[in-house]
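# A closer look at the structure
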Amino acid sequence: MTYDVIVIGCGPVGGLMANLLARDGLSVLVLEKEEDLHPLPRAVHIDHEMLRLFQSAGVIDAILPDLRETDGHLHVGADHGVIRYMGTVGKPRPFGWANDYFFYQPELEQHLRDGFAKNAKVTLLTGAEFQGLTQTGDFVTVTYTKDGKNHQAQARWAVGSDGSRSPVRKHLGIALDDLDFEEPWLVVDVEAEGDVKFPDLTGVPEEADLQRLSVMMCDPVRPATVVPGRGNHRRWEFMLLPGEDDEEMMQPDAVARLLEPYLSGVPHKIVRAATYRFHGLIAEKWQQGNVFLAGDAAHQTPPFFGQGMCHGFRDVSNLAWKMAQVVNEGANPAILDTYQLERDPHVRAVIGAAVNVGRYICVLDPQAAAERDTKMRERAEFGTSETAGDLIPAIGEGIVLTGTEAAGERFIQPKINGKLLDDQTGGGWRLFARDADSAVAANDITTINLAEQDEAANVLAWLDERGVDAVLVRPDHYVFGTARGSAHALLDTRNAALGLGDLKSQEAA
Ligand SMILES: Cc1cc2nc3c(=O)[nH]c(=O)nc-3n(C[C@H](O)[C@H](O)[C@H](O)COP(=O)(O)OP(=O)(O)OC[C@H]3O[C@@H](n4cnc5c(N)ncnc54)[C@H](O)[C@@H]3O)c2cc1C
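Rules and cut-offs
- Residues numbered from 1 in each chain as written.
- Predicted model: local features only at pLDDT ≥ 70, side-chain atom pairs only at ≥ 80, totals over all residues.
- Pairing = 2+ DSSP bridges.
- Helix = DSSP H or I, 4+ residues; strand = E, 2+ residues; numbered from the N terminus.
- Axes fitted to C-alpha atoms, helices over the stretch in contact; angles between N-to-C directions.

Turning our eyes to something else, we now look at the sheet that holds strand β25 (residues 479-483). The strands that make up a sheet are held in pairs by hydrogen bonds between backbone atoms, and each pair lies either parallel or antiparallel. Spatially, the four strands line up as an open sheet ordered β23-β22-β24-β25, and their pairing is mixed. Looking at the sheet topology across the chains shown, the edges are occupied by β23 (445-449) and β25. Averaged over all neighbouring strand pairs, the angle between strand axes comes to 15 degrees, with direction disregarded. With five bridges joining them, strand β22 (residues 429-433) and β23 adopt parallel strand pairing. Bridging across to β23, tryptophan 429 finds its partner in isoleucine 445.

Turning our eyes to something else, we now look at the pairing of strand β11 (residues 149-160). Of the strand pairs in this sheet, strand β1 (residues 2-8) and β11 are connected by six bridges, and their pairing is parallel. Across the sheet, the residue bridging to tyrosine 3 is alanine 155, located in β11. By the bridge criterion, seven bridges tie strand β10 (residues 139-146) to β11 in an arrangement that is antiparallel. Counted as the bridge partner of valine 142 is alanine 153 from β11.

This next bit is on unusual backbone geometry. Phi angles above zero are rare outside glycine, and asparagine 417 is one such case at about 50 degrees. One non-glycine residue, histidine 477, lies in the positive phi region at around 75 degrees. Inspection of the secondary structure assignment puts histidine 477 in the loop between β24 (470-473) and β25.

Spatial ordering of the open sheet is given by β3-β7-β4, a layout of three strands whose pairing is antiparallel. Each having just a single partner strand, β3 (45-47) and β4 (68-70) make up the two edges of the open sheet. Neighbour to neighbour, the strand axes of the sheet diverge by 35 degrees on average, direction disregarded. Direction of pairing for β3 relative to strand β7 (residues 100-102): antiparallel, over a ladder of three bridges. Across the sheet, histidine 45 pairs through a bridge with phenylalanine 102, a residue of β7.

Here is the structure:
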């Protein structure tokens, strides 16, 4: 059998990819070298865009009960005064979900696997280890071992979502661009029966509840992050200081000493303590022929914005709709060449910001830390509306009609007719048009004439703010482009970008 896609590596990124492809009816083989799920959490934070992707993939109902909704991020300086607040209490929720959620990674990965388990078009092989691949004509042949034997499978495309050490990336000989950030941190996961204690902090905004924020202690004595996980799960990340030994710092007595100020008198159990090197790395190429890299295989970020896995989810969302467009609608396969073009600038912007934040968090000299605190406060970042989710720039190049209002931005998700927009309209391409004059019908696009909806004021207000009459939204919820008057030319431009021919020839066909 020849599959549409072979997904190599079933961590969270491969798991979401399989769900998104299955949703669109593509046949998928997932190869995972481990027999069982990785039992310990690494990522703990996701943002609203991920919730929207889970919604699109049909797994939101399973995942949502295991998430903890929180209120953003607080950075505390050397004097224990606040230097930066990215809070979301009372802020609008333009994408339909809260900005920040915390979760337990093994539970999330299990939900993602359950999501495609019953889909006859997806085959997951565990204990199946990628060994190599060849590309001939339009196909990729992947060699893997299972039960001590070599096997081969063929597909139109392969996706290496096989993690930071990515055997696929190494096999393709793709180098990593090093953003020159490497710091050792100790990660400690705890089940705690009570609130976390903090030293006396000054300048904490009135509405901020420390138990609902991720708190970054930028204290040169020991930079540390305190994160409220789901249920009783709490996460600490402690920077290791020069000369400290990884093995010694992972020992129970060393961990207990670090946790003591936060948990004295609070019954708790340490789930694990492990050291990691936080990196900023981006693969120079994310595609070689019909093989793509996604997730940690393509990029690694210091986790200061909790965005590493989120990037991976954005990667596979970008790839999945384009693959489906080729298989289901006959689009030109060359649209997949826009993958890195669209994703790399996003990843670079956010990893660059995380590296910059890392540089100020990891300051160990007390005088430099005091100067940093003064500068941070003078820049008045404290109290601004900035959130980590605001860091995602618009797509500047690729399948977008640049030069039109809002092209490449993420489209809002208000409620229309009492339901979240994506649930109301379904997935795929959507054209929101002010009225019959701006609406145009097309084969694979859902056209929504807003004049005919009971409750669409938010979408109309969005059009009004930009002075446009129609907006065309891609299946991954990014705006393709906008139009004044009829959307006919907008749709024709989209069809040309996808290699689908113009509307008239589509209708005739
Ligand atoms: C301490 C820490 C905190 C973090 N916090 C956050 C956070 O809050 N938010 C966030 O978004 N991100 C965070 N991250 C990053 C996040 O954990 C990763 O980005 C994410 O787990 C990567 O997912 P992935 O699916 O790309 O790779 P992985 O999770 O590494 O999965 C790769 C899969 O490929 C399999 N595989 C490997 N080799 C082969 C082979 N030869 N054949 C077949 N299968 C193979 C592996 O077994 C594995 O299952 C954090 C990371 C760390 C270390």
